[in-house]
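Letter by letter, the chains look like this.
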Amino acid sequence: GPDGKVQPGRTRINELNRDLLLKKFAIRTDIDLRRSDECFGMTMSPLGETVKRHHISSGAYEYMARANAREAFAKVFRLFLDEGNYPINFHCAGGQDRTGAVAFILNALLGVDEEELIKDWESSAFWNPRVGFSHKERFDKLVAVFDAYKGNTINERVEAYVKSLGFTDADIKRFRDLMLE
(Lines give C-alpha, C1' and ligand atoms only; values in the text may rest on other atoms or scores of the structure.)
Protein backbone atom coordinates (compact mmCIF):
# COMPACT_ATOMS: atom_id res chain seq x y z
CA GLY A 1 0.00 0.00 0.00
CA PRO A 2 0.95 3.65 -0.15
CA ASP A 3 2.06 3.56 3.51
CA GLY A 4 4.52 0.73 2.79
CA LYS A 5 2.48 -1.94 4.59
CA VAL A 6 1.62 -5.21 2.89
CA GLN A 7 -1.98 -5.17 1.74
CA PRO A 8 -4.07 -8.24 0.90
CA GLY A 9 -4.69 -8.65 -2.81
CA ARG A 10 -8.09 -8.86 -4.40
CA THR A 11 -9.98 -12.03 -3.65
CA ARG A 12 -10.33 -14.61 -6.40
CA ILE A 13 -13.84 -15.43 -5.20
CA ASN A 14 -16.44 -13.82 -7.42
CA GLU A 15 -19.93 -12.93 -6.20
CA LEU A 16 -21.51 -16.06 -7.71
CA ASN A 17 -19.06 -18.36 -5.92
CA ARG A 18 -19.31 -16.37 -2.68
CA ASP A 19 -23.10 -16.74 -2.76
CA LEU A 20 -22.76 -20.46 -3.46
CA LEU A 21 -20.36 -20.97 -0.55
CA LEU A 22 -22.33 -18.80 1.87
CA LYS A 23 -25.94 -19.54 0.91
CA LYS A 24 -25.97 -23.04 -0.52
CA PHE A 25 -23.11 -24.59 1.48
CA ALA A 26 -23.49 -22.22 4.47
CA ILE A 27 -19.72 -22.23 5.19
CA ARG A 28 -19.09 -21.11 8.78
CA THR A 29 -15.37 -21.82 9.12
CA ASP A 30 -12.48 -21.13 6.76
CA ILE A 31 -9.23 -22.96 7.58
CA ASP A 32 -6.36 -21.31 5.74
CA LEU A 33 -3.33 -23.64 5.60
CA ARG A 34 -0.99 -21.17 3.87
CA ARG A 35 2.15 -19.63 5.33
CA SER A 36 1.85 -16.08 6.65
CA ASP A 37 3.84 -14.69 3.73
CA GLU A 38 1.28 -16.21 1.35
CA CYS A 39 -1.64 -14.51 3.12
CA PHE A 40 -0.41 -10.95 2.55
CA GLY A 41 -1.83 -9.57 5.80
CA MET A 42 -5.28 -11.16 5.56
CA THR A 43 -7.22 -10.97 8.81
CA MET A 44 -10.60 -12.32 7.74
CA SER A 45 -12.01 -14.85 5.34
CA PRO A 46 -12.57 -13.70 1.75
CA LEU A 47 -16.11 -14.98 2.33
CA GLY A 48 -16.72 -12.11 4.75
CA GLU A 49 -17.17 -11.40 8.42
CA THR A 50 -19.78 -14.11 8.98
CA VAL A 51 -17.16 -16.81 8.34
CA LYS A 52 -14.61 -17.50 11.08
CA ARG A 53 -11.10 -17.67 9.59
CA HIS A 54 -8.46 -19.85 11.22
CA HIS A 55 -4.96 -19.33 9.88
CA ILE A 56 -3.01 -22.53 10.60
CA SER A 57 0.16 -22.76 8.54
CA SER A 58 0.52 -26.44 7.72
CA GLY A 59 2.91 -28.86 6.08
CA ALA A 60 2.60 -31.52 3.41
CA TYR A 61 4.08 -34.85 2.41
CA GLU A 62 7.16 -35.90 4.44
CA TYR A 63 6.90 -32.69 6.47
CA MET A 64 3.79 -34.07 8.20
CA ALA A 65 6.28 -35.89 10.46
CA ARG A 66 7.80 -32.62 11.68
CA ALA A 67 6.70 -31.07 14.97
CA ASN A 68 5.29 -27.88 13.43
CA ALA A 69 3.15 -29.75 10.87
CA ARG A 70 1.98 -32.24 13.52
CA GLU A 71 0.96 -29.33 15.74
CA ALA A 72 -0.79 -27.64 12.81
CA PHE A 73 -2.77 -30.77 11.96
CA ALA A 74 -3.75 -31.14 15.63
CA LYS A 75 -5.16 -27.59 15.55
CA VAL A 76 -7.04 -28.35 12.33
CA PHE A 77 -8.46 -31.61 13.72
CA ARG A 78 -9.65 -29.85 16.91
CA LEU A 79 -11.73 -27.55 14.68
CA PHE A 80 -13.33 -30.60 13.08
CA LEU A 81 -14.31 -31.92 16.52
CA ASP A 82 -16.50 -28.86 17.24
CA GLU A 83 -19.91 -29.16 15.60
CA GLY A 84 -20.31 -25.38 15.81
CA ASN A 85 -17.61 -24.96 13.15
CA TYR A 86 -19.51 -26.86 10.45
CA PRO A 87 -19.66 -26.52 7.48
CA ILE A 88 -15.90 -26.12 7.14
CA ASN A 89 -13.84 -25.08 4.12
CA PHE A 90 -10.08 -25.71 4.20
CA HIS A 91 -7.50 -24.69 1.62
CA CYS A 92 -3.93 -23.72 0.90
CA ALA A 93 -2.66 -21.79 -2.12
CA GLY A 94 -2.98 -24.48 -4.81
CA GLY A 95 -5.32 -26.98 -3.20
CA GLN A 96 -3.16 -30.06 -3.61
CA ASP A 97 -0.19 -30.15 -1.24
CA ARG A 98 -1.21 -28.97 2.24
CA THR A 99 -4.91 -29.29 1.47
CA GLY A 100 -4.26 -32.75 0.03
CA ALA A 101 -2.35 -33.89 3.12
CA VAL A 102 -5.18 -32.77 5.43
CA ALA A 103 -7.81 -34.32 3.15
CA PHE A 104 -5.83 -37.57 3.03
CA ILE A 105 -5.72 -37.81 6.83
CA LEU A 106 -9.39 -36.90 7.29
CA ASN A 107 -10.53 -39.31 4.58
CA ALA A 108 -8.36 -42.12 5.97
CA LEU A 109 -9.92 -41.57 9.40
CA LEU A 110 -13.35 -41.80 7.78
CA GLY A 111 -12.52 -45.23 6.36
CA VAL A 112 -11.85 -44.35 2.73
CA ASP A 113 -9.82 -47.28 1.38
CA GLU A 114 -6.26 -46.93 0.12
CA GLU A 115 -7.14 -47.15 -3.58
CA GLU A 116 -9.66 -44.32 -3.25
CA LEU A 117 -7.20 -42.23 -1.20
CA ILE A 118 -4.69 -42.59 -4.02
CA LYS A 119 -7.29 -41.66 -6.66
CA ASP A 120 -8.29 -38.60 -4.64
CA TRP A 121 -4.68 -37.38 -4.51
CA GLU A 122 -4.23 -38.08 -8.22
CA SER A 123 -7.40 -36.15 -9.10
CA SER A 124 -5.98 -33.05 -7.42
CA ALA A 125 -2.53 -33.52 -8.94
CA PHE A 126 -3.11 -34.65 -12.55
CA TRP A 127 -2.94 -31.12 -13.91
CA ASN A 128 0.47 -30.35 -12.42
CA PRO A 129 3.06 -30.46 -15.23
CA ARG A 130 6.16 -30.43 -12.96
CA VAL A 131 8.29 -33.52 -13.46
CA GLY A 132 8.90 -33.69 -9.70
CA PHE A 133 5.19 -33.79 -8.97
CA SER A 134 4.82 -37.54 -8.83
CA HIS A 135 4.03 -40.36 -6.46
CA LYS A 136 7.74 -40.91 -5.86
CA GLU A 137 8.48 -37.26 -5.07
CA ARG A 138 5.26 -36.33 -3.26
CA PHE A 139 2.54 -38.84 -2.40
CA ASP A 140 4.83 -41.72 -1.44
CA LYS A 141 6.57 -39.42 1.05
CA LEU A 142 3.23 -38.64 2.70
CA VAL A 143 2.35 -42.33 2.97
CA ALA A 144 5.82 -43.04 4.42
CA VAL A 145 5.03 -40.73 7.35
CA PHE A 146 2.16 -43.02 8.34
CA ASP A 147 4.16 -46.19 7.65
CA ALA A 148 6.15 -45.31 10.78
CA TYR A 149 3.02 -46.14 12.84
CA LYS A 150 1.54 -49.51 13.72
CA GLY A 151 -1.40 -50.84 11.74
CA ASN A 152 -2.29 -53.34 9.05
CA THR A 153 -3.91 -50.77 6.75
CA ILE A 154 -3.18 -47.17 5.86
CA ASN A 155 -6.35 -46.24 7.76
CA GLU A 156 -5.06 -47.87 10.96
CA ARG A 157 -1.65 -46.21 10.57
CA VAL A 158 -3.22 -42.78 10.01
CA GLU A 159 -5.38 -43.34 13.09
CA ALA A 160 -2.22 -44.18 15.09
CA TYR A 161 -0.61 -40.96 13.77
CA VAL A 162 -3.62 -38.91 14.93
CA LYS A 163 -3.55 -40.62 18.34
CA SER A 164 0.16 -39.77 18.60
CA LEU A 165 -0.95 -36.12 18.51
CA GLY A 166 -2.90 -36.62 21.73
CA PHE A 167 -6.30 -37.52 20.34
CA THR A 168 -8.34 -40.43 21.67
CA ASP A 169 -10.62 -43.12 20.27
CA ALA A 170 -13.51 -40.95 21.51
CA ASP A 171 -12.22 -37.96 19.52
CA ILE A 172 -11.96 -40.03 16.35
CA LYS A 173 -15.44 -41.48 16.95
CA ARG A 174 -16.78 -37.93 17.45
CA PHE A 175 -15.25 -36.87 14.13
CA ARG A 176 -16.79 -39.86 12.37
CA ASP A 177 -20.18 -39.23 13.98
CA LEU A 178 -20.10 -35.62 12.77
CA MET A 179 -19.01 -36.48 9.25
CA LEU A 180 -20.76 -39.75 8.41
CA GLU A 181 -24.45 -40.49 8.08
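Data block above holds the structure.
Residues numbered from 1 in each chain as written. Predicted model: local features only at pLDDT ≥ 70, side-chain atom pairs only at ≥ 80, totals over all residues. Heavy atoms only, no water.

## Examining unusual backbone geometry
A cis amide bond links Tyr-86 to the next residue, Pro-87, at an omega of -10°. Mapped onto the fold, Pro-87 is located in the loop between helix H3 (67-80) and strand E3 (88-91). Of note in this structure, Phe-40 is not a glycine but carries a positive phi near 50°. Looking at the element boundaries, Phe-40 is found in the loop between helix H2 (36-39) and strand E2 (52-55). The partly exposed category is assigned to Phe-40, whose relative accessible area is 45%. (Helix = DSSP H or I, 4+ residues; strand = E, 2+ residues; numbered from the N terminus. Buried < 20%, exposed > 50% of the residue type's maximum accessible area, 1.4 Å probe, protein only.)

## Quick word on the pairing of strand E1 (residues 29-32)
Going residue by residue along E1, you find Thr-29 and Ile-31 tucked away on one face and Asp-30 and Asp-32 tucked away on the opposite face as well. Here E1 runs beside E2; their pairing, made up of 4 bridges, is parallel. Within the sheet, the bridge partner assigned to Asp-30 lies in E2 and is Arg-53. Direction of pairing for E1 relative to E3: parallel, over a ladder of 4 bridges. Opposite Thr-29, over in E3, you have Ile-88 as the bridge partner. (Pairing = 2+ DSSP bridges.)

## Notes on the packing of helix H4 (residues 98-109) against helix H7 (residues 154-164)
Angle between the axes and distance between the axes: these two values describe a pair of packed helices. Closest axis-to-axis distance for the H4/H7 pair is 8 Å, and the angle between their directions is 110°. Regarding the angle of H4 to H7, the classification is roughly perpendicular. Considering the relative orientation of H4 and H7, their crossing is left-handed. In this structure, H4 contributes Phe-104, Ile-105, Ala-108 and Leu-109 to the contact, and H7 contributes Ile-154, Asn-155, Val-158, Glu-159, Tyr-161 and Val-162. In the contact of H4 with H7, the residues fall into 8 nonpolar, 1 polar and 1 charged. (Axes fitted to C-alpha atoms, helices over the stretch in contact; angles between N-to-C directions. Parallel < 35°, antiparallel > 145°, perpendicular 65-115°, else oblique. Left-handed = near helix turned anticlockwise from the far one by under 90°. Contact = heavy atoms within 4.5 Å. Nonpolar A, V, L, I, M, F, W, Y, C, P; charged D, E, K, R; others polar.)

## Observations concerning the packing of H4 against helix H6 (residues 135-147)
Orientation of H4 relative to H6, taken along the N-to-C sense of each, is 45°, at an axis distance of 12 Å. The angle between H4 and H6 falls in the class oblique. For the pair H4 and H6, the sense of crossing is right-handed. Together, Ala-101, Phe-104 and Ile-105 of H4 and Phe-139, Leu-142, Val-143 and Phe-146 of H6 make up the contact between the two elements.

Worth remembering: the numbers are spatial, not functional.
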